Amino acid sequence: MNFYTRKWIKPEDLNPNGTLFGGTLLRWIDEEAVIYAIVQLGNPNIVTKYISEINFVSSARTGDIIEMGIEAIDFGRTSLTMRCEVRNKITRKTILSIDKLVFVNLNDEGTPTPHGKTEIHYNYLGIEPDKRD
């Protein structure tokens with residue numbers, strides 16, 4: 001899994017307990033995952049269909065830097081399934097894991113439509129990604 005997106009936890013990201021608000025983290029994950037799906041499927045008309053059990057393992061506090069890793073694990077006829085891990089950039093301690101996020105490819109009328117993709121593409125515009133972990 002590649003970890004490309006990082007967030008610096010600020011006071012406005014916290015819940016009343018002084019730790020990262022889960023809803024904020026889930027919003028960031030959903031946004032990152034849909035962008036990944038749009039790029040993979042080549043279509044801006046993508047919607048979140050399903051998110052499996054969310055396992056909050058630990059939390060983050062002000063000043064922490066977290067990173068989100070997303071990995072495509074399956075292509076359906078009209079869907080793309082991914083998994084996600086969020087971890088502390090410095091300690092590498094897992095903050096959250098989600099086994100399944102499913103996104104559906106839509107046509108201009110909003111109907112699920114086949115995307116014709118069968119594999120992950122990492123080489124965008126001839127640029128190879130670095131293999132950060």
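Residues numbered from 1 in each chain as written. Predicted model: local features only at pLDDT ≥ 70, side-chain atom pairs only at ≥ 80, totals over all residues. Heavy atoms only, no water.

Considering the overall build of the chain
Then, number 1: From N to C terminus, the chain includes one helix and six strands.
Then, number 2: Each helix (α) and strand (β) of the chain, taken in turn from the N terminus, gives the series β-α-β-β-β-β-β.
Then, number 3: What you see for the chain is a C-alpha radius of gyration of 16 Å, in line with the 14 Å of a compact globule of 133 residues.
Then, number 4: Dimensions of the chain along its principal axes, counting C-alpha atoms only, are 45 × 30 × 20 Å.
Then, number 5: Here the chain, with 133 residues, has 38% of them falling under the buried criterion. (Helix = DSSP H or I, 4+ residues; strand = E, 2+ residues; numbered from the N terminus. Rg over C-alpha atoms; globule rule 2.2 N^0.38 Å. Buried < 20%, exposed > 50% of the residue type's maximum accessible area, 1.4 Å probe, protein only.)

Some remarks on the side chain of asparagine 43
Then, number 1: Structurally, asparagine 43 can be placed in the loop between helix 1 (22-41) and strand 2 (46-51).
Then, number 2: The buried category is assigned to asparagine 43, whose relative accessible area is 14%.
Then, number 3: Of note is the side chain of asparagine 43, whose polar atom sits 2.9 Å from the backbone nitrogen of asparagine 45.
Then, number 4: Among residues more than four places away in sequence, those in contact with asparagine 43 are Ile38, Asn105 and Leu106. (Polar contact = N/O pair within 3.5 Å; in protein donor to acceptor, adjacent residues only side chain to side chain. Contact = heavy atoms within 4.5 Å.)

Quick word on the UniProt feature "domain: HotDog ACOT-type" (unreviewed entry) in the chain
Then, number 1: UniProt marks residues 1-109 with the feature "domain: HotDog ACOT-type" (unreviewed entry), using the numbering shown here.
Then, number 2: Annotated as residues 1-109, this span is 18% helix and 44% strand, and its ends, taken at the C-alpha atoms, are 34 Å apart. (UniProt positions renumbered as here; feature names shortened; annotations may be inferred.)

Here we look at the nonpolar core
Then, number 1: Leu25, Ile29, Ile66, Leu80, Met82, Val86 and Phe103 are the most contacted members of the largest nonpolar core, which totals 26 residues.
Then, number 2: Secondary structure elements with two or more residues in this core: helix 1, strand 4 (65-75), strand 5 (79-88) and strand 6 (94-105).
Then, number 3: Apart from residues no more than four positions distant in its own chain, methionine 82 is found in contact with Ala33, Tyr36, Ala37, Ile70, Glu71, Ala72, Ile73, Asp99, Lys100, Leu101 and Phe103. (Core = buried A, V, L, I, M, F, W, Y, C linked by side-chain atoms within 4.5 Å.)

Notes on the environment of arginine 6
Then, number 1: Looking at where arginine 6 falls in the secondary structure, it is placed in strand 1 (residues 3-8).
Then, number 2: With a relative accessible area of 29%, arginine 6 lands in the partly exposed category.
Then, number 3: Sequence separation between arginine 6 and isoleucine 29 is 23 residues, and the spatial gap between their C-alpha atoms is 11 Å.
Then, number 4: Of the polar contacts made by the side chain of arginine 6, one reaches the backbone oxygen of tyrosine 4; its length is 3.3 Å.
Then, number 5: Of the polar contacts made by the side chain of arginine 6, one reaches the side chain of glutamate 67; its length is 3.4 Å.

Some remarks on the environment of glutamate 71
Then, number 1: By secondary structure assignment, the location of glutamate 71 is in strand 4.
Then, number 2: Considering only alpha carbons, one finds glutamate 71 and threonine 81, ten residues apart in sequence, at a separation of 8.6 Å.
Then, number 3: At 2.6 Å, the side chain of glutamate 71 and the side chain of arginine 83 are in polar contact.

Here we look at the pattern of salt bridges
Then, number 1: The final tally for this structure, using the stated rule, is four salt bridges.
Then, number 2: With its nearest N and O atoms 3.7 Å apart, the salt bridge here joins glutamate 67 to lysine 89. Here lysine 89 lies in the loop between strand 5 and strand 6 and glutamate 67 lies in strand 4, a separation of 22 residues in the sequence.
Then, number 3: The exposure class assigned to lysine 89 is partly exposed, which follows from its relative accessible area of 26%.
Then, number 4: Residue glutamate 71 pairs with arginine 83 through a salt bridge whose shortest N-O separation is 2.6 Å. One end of the pair, glutamate 71, is in strand 4; the other, arginine 83, is in strand 5, and twelve residues separate them in sequence. (Salt bridge = Lys/Arg side-chain N within 4 Å of Asp/Glu carboxyl O.)

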